[in-house]
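Residues per chain, in single letters:
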Amino acid sequence: MAFGLFQRGGKAAMAAPEAPAMERKASATGRVVAMATGGGRVVWSARDTGSLTRAGFVGNPVGFRCVKMIAEAAAAVPLICEDRDCRYDAHPVMDLLRRPNPGQGRAELFEALFGQILLSGNGYLEAVGAAATGVPEELHVLRSDRMNVVPGADGWPVAYDYAVGGRKHRFDMTGSPDPICHIKAFHPQDDHYGLSPMQAAAVALDVHNSASAWSKALLDNAARPSGAFVYRGVDGHGSLSPEQYDRLVMEMELNHQGARNAGRPMLLEGGLDWRPMGFSPSDMEFHETKKAAAREIAQAFGVPPMLIGIPGDATYANYAEAHRAFYRLTVLPLVARVAASVAWWLSEHLGAEIDLRPDPDQIPALAAERDQQWARVAGASFLTDAEKRALLGLAPLETDG
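Here goes a summary of the coordinates provided.

### Points about the overall build of the protein chain
Okay, step 1: Helix and strand counts for the protein chain come out as 13 helices and 13 strands.
Okay, step 2: For the protein chain, with 401 residues in total, the buried portion stands at 33%.
Okay, step 3: Restricting the contact set of the protein chain to residue pairs at least 6 apart, pairs at least 24 apart contribute 59%.
Okay, step 4: As displayed, the protein chain has an accessible area near 25,000 Å², and 56% of this comes from carbon and sulfur atoms.

Printed below as a string of C-alpha cells:
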C-alpha cells in the first residue's frame, strides 16, 4: 500500500505518501546524435604477451616481418670472444655457442632468443649440466610467457617459475652459478620485466589489423560500398510490413551477399528502389591510415619502412643507406646487449671473465664503412702499425709486444 502506520511519540501516525517517480524526458534527436558520433568506446586488444604475439606477430604481416628481420639479422652477426689479454680463435664458450643443444645450432638458438626479447621484452636462457671445461653442456631458450619472476625480500629474484599446463618447475637463483640468464629490455615502470617493441606498437597494430578486417569485409561485399533500399508504397507511406521486411532481409543474405554473388543482378519488386552510397571522406582516407599504422609499427621496432616495402617513406636516400642504418641503429645495439649479458653469465660458469661482442667487420652491409675506416687509418702516417691495429680492433702481432 502507498500508506502505512508507524509509532511516533507513543501514538500511531500515518506515513507520508511516497513521492511519484519522476518521468525522464529525452530529446527525439538523441538517438540520431548517438548513432552519428559512434556506437561505443574504442576497443583495444589485450596487452599480455600471448595476445600481443597472436595479434602482432602471428596475425600481422608488418609485425611478423619486423621481428623476423631483426632476429635473423642479429642471429647471423659473428661474435668475438676475448678477455683482457687476447682474442680467442678457439674457446669452450665458442664451442658451446656453435652447438648449444642437440636440436639447435647457433643461428636457431639466437634467433629464438632475439625473437622472445622482441615479442615480450624478456629473454631466458637455461644452462643444463656442466662440462669438464666449466661451461654448461647445453643451452636452451625458454618461452617468456611461461616464466614468472619470484622476488625476494630485497627485491632481487630468488627464483624463476616455469609453468606449463598446470605443472610448474622452479629454478633456484640463490646459489652459484645461476641456472637462468634473464635478459630484459628497459622498462621504466617495471622492476622485473622488460618492455617490448610489440607493446609500444600495440595501438598501431590494432589500427592495422582493423583496417585489414575492413578490407576483407569490403571484398566480401563485392568490393562495393553499401547502399540502401528505399520503399515507397502505393499510398505514399514508406514502411514495410514485418513479413515483407523479414523476407527482403532473407533474400539479400541468401542471394546477394558474399563474393560468390558478386555481380549478380537484383530483382526489385514494385515500390523498391536501390540507392548506392559512395565512399565517405573517412573511407577515402582509409588506405593512408593503414600505411601510417604500418610505418608506426616499423618505427617501433627500429626497421626502416623502406626495407619492408612500405611506400611513402623518403627518410633514406636509397636502400643501401637504409640497410646500414638498420644494422647500426637496431641490430648491432641489440646483439651487443645480449652478447654482454650472456658473456657475463657464462663467465660465472667458467670461473674466468670473458667478453662476447659483435664483429662489424664481417657484416656485408657495413663493408663500405669498413673500407673507409681502413683507408683513413692506413693513411695516418703518424701512427705506428701497432696503433693502427689497435684502432681497427685487431689483436697485436707477436713482434708488436
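### Overview of the packing of aromatic side chains
Okay, step 1: Applying the stated criterion across every chain yields a total of 4 aromatic pairs.
Okay, step 2: Ring centres 5.8 Å apart and planes at 70° place the aromatic pair Y124 and Y160 in the edge-to-face group. A residue pair is termed long-range when its members are at least 10 positions apart, and Y124 in strand 5 (residues 122-128) and Y160 in strand 8 (residues 157-164) qualify at 36 residues. For the pair shown, Y124 and Y160 are each scored as buried.

### A word on the pairing of strand 3 (residues 79-82)
Okay, step 1: Here strand 3 shows two buried faces, one formed by L79 and C81 and the other by I80 and E82.
Okay, step 2: Sheet topology places strand 3 next to strand 13 (residues 355-358); 4 bridges connect them, and they run antiparallel. Looking at strand 13, one finds that C81 is bridged to L356.
Okay, step 3: Sheet topology note: the strand 3/strand 4 (residues 87-88) ladder contains 2 bridges and is antiparallel. Looking at the pairing, C81 lines up with Y88 of strand 4.
Okay, step 4: In textbook terms, the turn of a hairpin is the stretch between consecutive antiparallel strands, and for strand 3 and strand 4 this stretch comprises 4 residues.

### Some remarks on the nonpolar core
Okay, step 1: Counting residues in hydrophobic clusters, the biggest one holds 60 residues, and the most contacted among them are F114, F301, F326, Y327 and L356.
Okay, step 2: Among the elements that line this core, the one with the most residues is helix 11 (residues 319-350), at 13 residues.
Okay, step 3: Among all residues touching F114, those that are not within four sequence positions of it are A71, A74, A75, L334, V335 and V338.
Okay, step 4: Counting residues in hydrophobic clusters, the runner-up holds 9 residues, among them M147, F171, M173 and I180.

### Let's talk about the environment of L397
Okay, step 1: Relative to the helices and strands, L397 is located in the segment after helix 13 (385-391).
Okay, step 2: Sequence spacing of L397 and A386 is 11 residues, and the spatial spacing of their C-alpha atoms is 7.8 Å.

### Examining the layout of surface pockets
Okay, step 1: Within this model, the largest pocket holds a volume of roughly 460 Å³.
Okay, step 2: Lining the largest pocket are 19 residues, and of these W156, P157, Y160, D178 and H182 sit closest to its centre.
Okay, step 3: Residue composition of the lining of the largest pocket, grouped by class: 10 nonpolar, 4 polar and 5 charged.

### Details of the sheet that holds strand 9 (residues 167-172)
Pairing between the strands of a sheet is mediated by backbone hydrogen bonds and can be parallel or antiparallel.
Okay, step 1: Overall, antiparallel pairing links the 3 strands, which are arranged 7-8-9 in an open sheet. Here the strands that pair on one side only, and so sit at the sheet edges, are strand 7 (147-151) and strand 9. Recorded for the sheet is a direction-independent mean angle of 25° between the axes of neighbouring strands.
Okay, step 2: Judged from the 6 bridges that link them, strand 8 and strand 9 form a sheet pairing that is antiparallel. From the neighbouring strand, V164 faces strand 9, where its bridge partner is R167.

Cut-offs used in this document
- Residues numbered from 1 in each chain as written.
- Predicted model: local features only at pLDDT ≥ 70, side-chain atom pairs only at ≥ 80, totals over all residues.
- Heavy atoms only, no water.
- Helix = DSSP H or I, 4+ residues; strand = E, 2+ residues; numbered from the N terminus.
- Buried < 20%, exposed > 50% of the residue type's maximum accessible area, 1.4 Å probe, protein only.
- Contact = heavy atoms within 4.5 Å.
- Areas by Shrake-Rupley, 256 points an atom, 1.4 Å probe, with all protein chains shown as cover.
- Phe/Tyr/Trp six-rings, centres within 6.5 Å; stacked < 30°, edge-to-face > 60°.
- Pairing = 2+ DSSP bridges.
- Core = buried A, V, L, I, M, F, W, Y, C linked by side-chain atoms within 4.5 Å.
- 1 Å grid on protein atoms, 1.4 Å probe; cavity = no way out; pocket = protein on both sides within 12 Å on 5 of 7 lines; lining within 4 Å.
- Points joined across faces, edges and corners; volume = space filled by probe spheres on them.
- Nonpolar A, V, L, I, M, F, W, Y, C, P; charged D, E, K, R; others polar.
- Axes fitted to C-alpha atoms, helices over the stretch in contact; angles between N-to-C directions.

The analysis is restricted to geometry; functional conclusions fall outside its scope.
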